[in-house]
Amino acid sequence: MLYVPGDKLDWMLKAPKYGADALMFDLEDSVEVSRKAGARNAVAKAISELSTGPFGRFVRLNRWGTGCVVDDLNAVVIGGLDGVALAKTEAPEDIAALDLVLGELEKSRGLPVGRIEICAHAETAQAIYRLYDICMASQRIKRTGGAGGPTPGGDAARSLGVQLNDATDEGNCFGAYSVLQARAAGIIQIEGVMPATVDDLEVVRRVGERSKRMGASFAAAIHPSHIPIINEIYSPAQDEIDEACKIVSIMAEATARGEGAVRYKSTMLDYASVRTALEVLKKARAIGIDVGKVPELELPPT
């Protein structure tokens, strides 16, 4: 998900060429206060002109209490908008209120009711503490952030009073807590840390790999040069795909013999192993990778 300042129309219009799966047009911190009205118009124009592209179109709104949210929504809730992110969410009530306003605008404008997503971003200590309740506040929430911990130098790190940098792992405890809450709420699309650096691509890779290990399924980018690295990290590697296919095949043979578990490479495979392997194959197929013929295998209910 590539972030683009909402007051840069030319940047937004050329952003699709960089290959991100989704674009996040930012109306909050990347736009100076006096330019917000113009940025709303620019974002609406970008959504309209890019409405048929094979990528998601999201908008980062200002937070409640700024006097900007209603104006933001009034400008950008149009055909082609896929989702919004509410900056500095504090409580479930913030999400519930946003859900109601989105519903009213969808109805009044003839848009499918409930289609526009809400991305839950926990950017304060209170929001991190209450992330489960925030995720449960609206059925529009399909994704959230937090794997890997707060972005160094960002709002969440400042709110927590922690000193982090992109090379250290001190934020992992906060990331693990956020992943736990998100998963408990049924959210499986979890965003990894977005590095604060622009030019150090090794940091982008290191932070991305760490976030994936912590449970992230995707990441955001602040610069187009980050996108190929993010795509590589979060796409199944060929050896992962080959291993997943092997696991499914071995278990299919085992169950045909009436066995529910079998030894493979000094480990024991069972139905849990198959479910994990099938998730890898499902993700590979979703991004267009041919995984070949995979045996059918009936799994017991979880």
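Predicted model, so just to flag it, every value in this text is computed and none were measured.

Novice: Summarise the overall build of the protein chain; cite the residues concerned and give the values.
Specialist: Check the secondary structure of the protein chain and you find 12 helices and 9 strands. Taking 302 residues into account, the globule formula puts the C-alpha radius of gyration at 19 Å, and the protein chain, at 21 Å, falls close to it. Overall, the protein chain is about 70 × 45 × 35 Å in size when its C-alpha atoms are taken along their principal axes. Looking at the protein chain as shown, the accessible area adds up to about 14700 Å², and 53% of this sits on carbon and sulfur atoms. Of note, the protein chain has its 34 positive side-chain charges centred 2 Å away from the centre of its 41 negative side-chain charges.

Novice: Go over the side chain of Thr124, please, and point to the residues and values.
Specialist: With respect to the element layout, Thr124 can be found in the loop between strand E5 (117-120) and helix H5 (125-129). Apart from residues lying up to four places away in sequence, Thr124 is in contact with Thr89, Glu90, Ala156 and Ser159.

Novice: Quick one: what's the story with the packing of aromatic side chains, residue by residue and with numbers?
Specialist: Counted under the stated rule, the structure contains 0 aromatic pairs. The positively charged end of Lys8 is found above the aromatic ring belonging to Trp11, 5.5 Å away from the centroid. A cation over an aromatic ring shows up here: Arg143 above the ring of Phe218, its NZ or CZ 5.8 Å from the ring centre.

Novice: A description of the nonpolar core should follow, citing residues and the corresponding values.
Specialist: Within the largest apolar cluster, 57 residues are counted, with the highest numbers of intra-cluster contacts made by Phe25, Val59 and Val76. If near-sequence neighbours (up to four positions away) are discounted, Phe25 is found in contact with Val4, Met12, Val43, Ala46, Ile47, Leu50, Phe58, Val59 and Arg60. Of all hydrophobic cores here, the second largest spans 19 residues; its members include Ile241, Cys245, Val248 and Met251.

Novice: Run through the sheet that holds strand E7 (residues 189-191), naming residues and quoting values.
Specialist: The strands that make up a sheet pair up through hydrogen bonds in the backbone, lying either parallel or antiparallel. Strand order in the open sheet formed by 7 strands is E1-E2-E3-E4-E5-E6-E7, and the pairing between neighbours is parallel. The sheet is open, and its two edges are formed by strand E1 (2-5) and E7, each paired on a single side. Each strand axis lies, on average, 25 degrees off the axis of its neighbour in the sheet, ignoring direction. For strand E6 (residues 141-145) and E7, the ladder comprises 3 bridges, and the chain directions are parallel. Along E7, the bridge assignment pairs Thr144 with Ile190.

Novice: Hey, could you go over the pattern of salt bridges for me, with residue numbers and the actual values?
Specialist: Tallied over the full model, the rule gives 16 salt bridges. Two residues, Asp26 and Arg60, come together in a salt bridge whose shortest N-O distance is 3.7 Å. Taken together, the residues span a long stretch of sequence, with Asp26 in strand E2 (residues 22-26) and Arg60 in strand E3 (residues 56-61) at a distance of 34 residues. By relative accessible area, Asp26 is classed as buried at 6%. A residue is classified by how much of its surface remains accessible, and Arg60, at 8% relative accessible area, is buried. For Asp82, the salt bridge identified is with Arg57, shortest N-O distance 3.3 Å. Here Asp82, found in the loop between helix H3 (69-76) and strand E4 (83-86), pairs with Arg57, found in strand E3; they are 25 residues apart in sequence, far enough to count as distant. Using a relative accessible area of 6% as the deciding quantity, one classes Arg57 as buried.

Novice: Explain unusual backbone geometry to me, using residue names and the numbers behind them.
Specialist: Unusually for a residue other than glycine, Lys88 sits at a positive phi of about 50 degrees. You can see Lys88 is positioned in the loop between E4 and helix H4 (92-108). A positive phi angle is found at Ser266, which is not glycine, with a value near 65 degrees. The residue Ser266 is located in the loop between strand E8 (262-264) and strand E9 (267-269) in this model. Since its relative accessible area comes to 63%, Ser266 is described here as exposed.

Novice: How would you summarise H3 if you had to cite specific residues and measurements?
Specialist: Looking at H3, one finds that the buried residues are Val69, Asp72, Leu73, Ala75 and Val76. Projection of H3 onto a plane perpendicular to its axis shows the buried side chains occupying an angular sector of 165 degrees, all on one side. Where the residues of H3 are buried, they touch helix H2 (36-49), E3 and H4.

Cut-offs used in this document
- Residues numbered from 1 in each chain as written.
- Predicted model: local features only at pLDDT ≥ 70, side-chain atom pairs only at ≥ 80, totals over all residues.
- Heavy atoms only, no water.
- Helix = DSSP H or I, 4+ residues; strand = E, 2+ residues; numbered from the N terminus.
- Rg over C-alpha atoms; globule rule 2.2 N^0.38 Å.
- Areas by Shrake-Rupley, 256 points an atom, 1.4 Å probe, with all protein chains shown as cover.
- Lys, Arg positive; Asp, Glu negative; His and termini not counted.
- Charge placed at Lys NZ, Arg CZ, Asp CG, Glu CD.
- Contact = heavy atoms within 4.5 Å.
- Phe/Tyr/Trp six-rings, centres within 6.5 Å; stacked < 30°, edge-to-face > 60°.
- Lys NZ or Arg CZ within 6 Å of the ring centre and 35° of its normal.
- Core = buried A, V, L, I, M, F, W, Y, C linked by side-chain atoms within 4.5 Å.
- Buried < 20%, exposed > 50% of the residue type's maximum accessible area, 1.4 Å probe, protein only.
- Pairing = 2+ DSSP bridges.
- Axes fitted to C-alpha atoms, helices over the stretch in contact; angles between N-to-C directions.
- Salt bridge = Lys/Arg side-chain N within 4 Å of Asp/Glu carboxyl O.
- Arc of directions from axis to C-beta.

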